[in-house]
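Coordinate inspection notes
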Amino acid sequence: MRKLIPPEGPKYHRLRDFLRNLPSSAAQLELHFGQVIGIIFNELPKSAYLHRAWWANDSKHVQGAAWLAAGWETSDV
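Just so we're clear, the structure is a prediction, and the values are computed from it rather than from any experiment.

Digging into the overall build of the protein chain
Helix and strand content of the protein chain: four helices and zero strands. Along the protein chain, helices (α) and strands (β) appear in the sequence α-α-α-α when read from the amino end. The long-range share in the protein chain, meaning contacts at least 24 apart out of those at least 6 apart in sequence, stands at 48%. On the protein chain, roughly 5,800 Å² of surface is accessible, and the fraction owed to carbon and sulfur atoms is 54%.

Thoughts on the nonpolar core
Counting residues in each nonpolar core, the largest one holds 15 residues, and the members touching the most others are Tyr12, Leu15, Leu19, Leu44, Trp54, Trp55 and Trp67. Looking at this core, the elements with two or more residues in it are helix H1 (13-20), helix H2 (33-40) and helix H4 (62-69). Residue contributions to this core peak at four residues, all from H2. Those residues in contact with tyrosine 12, other than ones at most four positions away along the chain, are Ile40, Leu44, Pro45, Trp54, Val62, Gln63 and Ala66.

Quick word on unusual backbone geometry
Its identity as a non-glycine residue notwithstanding, phenylalanine 41 has a phi of 55°, on the positive side. With respect to the helices, strands and loops of the structure, phenylalanine 41 is situated in the loop between H2 and helix H3 (46-50). Take phenylalanine 41: its relative accessible area is 30%, and that puts it in the partly exposed class. Not every positive phi belongs to a glycine, and aspartate 76 is a case in point at roughly 50°. With respect to the helices, strands and loops of the structure, aspartate 76 is situated in the segment after H4.

So, the packing of aromatic side chains
Under the counting rule described, the total for this entry stands at six aromatic pairs. Ring geometry for phenylalanine 33 versus tryptophan 55: centroids 5.9 Å apart, planes at 35°, classification tilted. Pair noted here: phenylalanine 33 is in helix H2 and tryptophan 55 is in the loop between H3 and H4, with a separation of 22 residues, a long-range link. Residue classification places phenylalanine 33 among the partly exposed residues on the basis of a relative accessible area of 34%.

Cut-offs used in this document
Residues numbered from 1 in each chain as written. Predicted model: local features only at pLDDT ≥ 70, side-chain atom pairs only at ≥ 80, totals over all residues. Heavy atoms only, no water. Helix = DSSP H or I, 4+ residues; strand = E, 2+ residues; numbered from the N terminus. Contact = heavy atoms within 4.5 Å. Areas by Shrake-Rupley, 256 points an atom, 1.4 Å probe, with all protein chains shown as cover. Core = buried A, V, L, I, M, F, W, Y, C linked by side-chain atoms within 4.5 Å. Buried < 20%, exposed > 50% of the residue type's maximum accessible area, 1.4 Å probe, protein only. Phe/Tyr/Trp six-rings, centres within 6.5 Å; stacked < 30°, edge-to-face > 60°.

Put into structure tokens, the structure is as follows:
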């Protein structure tokens, strides 16, 4: 079994950086839960699986602030 080693800093900064580094031609992106886990090197909380609201485009929550800071919004979760 491989062990996830979390990177330095807040866990959703890796997601923000991943999204920022996508080519400007990328207008849409589909990520599955496992892909997000791989990007952040951490598990998602249960609420991410159970509640659509966790994925809201709300900068008051660290995860939403991450993708909004990268210029992305969620849809069709």
